[in-house]
Amino acid sequence: MKIEPIVIFNGGLCLENDPVVSMQSRGLMYGDGCFETLRTYDSYFLKWEERIERLSEGMEYLKLAVPFSSPYLKEAIQRLLRMNGKARDDAMVRIQCWRDGARGYYSASKKANWSVSVQAIPESSDQLSLHTSSVRAIPSVSLSRAVKLSNALNYVLAAKEANEHHYDDALMLTINGNVSEATSANMFWIKGNTVFTPSVECDLLPGIIRSMVIDVVRESGFSIQEGKFLLTDLLEADFAFATNSVKEILRVSSVDHRRFPERNAVYTFIKRAFENAKQEALAA
């Protein structure tokens with residue numbers, strides 16, 4: 001018999017499918033909140049403080065009071081992993097925060113409700129096919145792109161469009177036509193011995209793994225260019241890959257009808273160097 005997962009809700013414990021959120025929840029009605037998704041490694045965390053700092057920045061952006069300390073939350077998640085039988089496995093953790101209050105776009109409330117859930121790492125391929133979506137990335141002048149906000153309808157629509165075209169995910173462009181990101185991953189590509197990635201000016205979420213890869217590339221002696229690039233720049237690359245917190249580094253097999261090779265010496269070196277950097281960070 002399958003055992004229903006246990007989650008944390010406002011510091012207490014309940015079953016994942018128990019109804020605890022009010023129909024008047026601002027998170028439900030408006031997406032008035034933020035979140036953080038991370039991977040655990042046998043109950044260890046990669047770049048924990050950076051992730052909690054980003055979550056806190058998201059709450060500050062929304063003018064919400066942070067309802068937990070970093071040490072308390074870390075210990076609570078480790079306890080939750082044990083309760084769900086995930087203490088010795090790699091797992092995916094989602095920390096969700098949303099404003100307390102009721103109906104109406106304006107709310108003076110700074111109180112945050114919060115929850116934590118854990119689950120196994122989803123089984124998926126180590127490669128990614130991308131469809132260039134007609135849905136554009138939200139400009140940072142409209143919503144901050146430095147934090148993970150709960151309202152993600154543009155990602156939902158882009159992912160749906162990609163699925164309808166039989167691709168794994170969507171590649172999103174800025175409103176000016178520059179490469180931005182995939183719905184759940186940052187983009188990189190290689191041409192010769194140079195690695196390219198869109199800059200933070202391209203309305204993307206600057207991921208933790210993205211930052212680690214950029215550091216690895218620089219320390220490895222390869223050239224890296226962060227900037228504003230057109231789709232044609234990506235399509236003319238020798239190789240492409242993507243990064244996110246759950247799958248870490250994924251080879252991009254194709255973008256639209258452009259297929260990329262399965263192997264690249266620079267990519268192989270970067271993956272090996274990243275794995276070394278990750279192990280050092282987990283051991284610190």
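1. Some remarks on the pairing of strand β2 (residues 12–15)
- The sheet contact formed by strand β1 (residues 6–9) and β2 spans four bridges and is antiparallel. Bridged to phenylalanine 9 within β2 is glycine 12.
- Counted along the chain from β1 to the antiparallel partner β2, the turn is two residues long, and its residue asparagine 10 has a positive phi close to 50°.

2. Comments concerning the pattern of salt bridges
- Considering all chains together, one arrives at 13 salt bridges under this definition.
- Note that arginine 54 is salt-bridged to glutamate 36, the shortest N-O span being 2.5 Å. Here arginine 54, found in helix α2 (residues 48–61), pairs with glutamate 36, found in strand β3 (residues 33–41); they are 18 residues apart in sequence, far enough to count as distant. Considered together, arginine 54 and glutamate 36 belong to a single accessibility category, that of buried residues.
- Close ionic contact of lysine 228 with glutamate 201 constitutes a salt bridge, the shortest N to O distance being 3.9 Å. Taken as a pair, lysine 228 in the loop between β12 (223–227) and α6 (231–235) and glutamate 201 in the loop between β11 (194–198) and α5 (208–220) lie far apart in primary sequence, 27 residues in all.
- A relative accessible area of 53% places lysine 228 in the exposed class.
- Because the salt bridges share partners, they merge into one network encompassing Arg26, Asp32 and Arg99.

3. Side note on the packing of aromatic side chains
- Summed over all chains, the structure comprises twelve aromatic pairs.
- A centroid spacing of 5.1 Å and a plane angle of 55° characterise the contact between tyrosine 30 and tyrosine 105, whose relative ring orientation is tilted. Taken together, the residues tyrosine 30 in helix α1 (residues 26–30) and tyrosine 105 in the loop between β5 (90–99) and β6 (112–120) connect sequence positions 75 residues apart.
- Classification of tyrosine 105 by relative accessible area gives exposed; the value is 74%.
- A network of ring pairs unites the aromatic residues Phe188, Phe239, Phe241 and Tyr267 as a single cluster.
- Over the aromatic face of phenylalanine 35 sits the side chain of arginine 94, whose NZ or CZ is 3.9 Å from the ring centroid.

Criteria and thresholds
Residues numbered from 1 in each chain as written. Predicted model: local features only at pLDDT ≥ 70, side-chain atom pairs only at ≥ 80, totals over all residues. Heavy atoms only, no water. Pairing = 2+ DSSP bridges. Helix = DSSP H or I, 4+ residues; strand = E, 2+ residues; numbered from the N terminus. Salt bridge = Lys/Arg side-chain N within 4 Å of Asp/Glu carboxyl O. Buried < 20%, exposed > 50% of the residue type's maximum accessible area, 1.4 Å probe, protein only. Phe/Tyr/Trp six-rings, centres within 6.5 Å; stacked < 30°, edge-to-face > 60°. Lys NZ or Arg CZ within 6 Å of the ring centre and 35° of its normal.

Shape is all these values report; function is a separate question.
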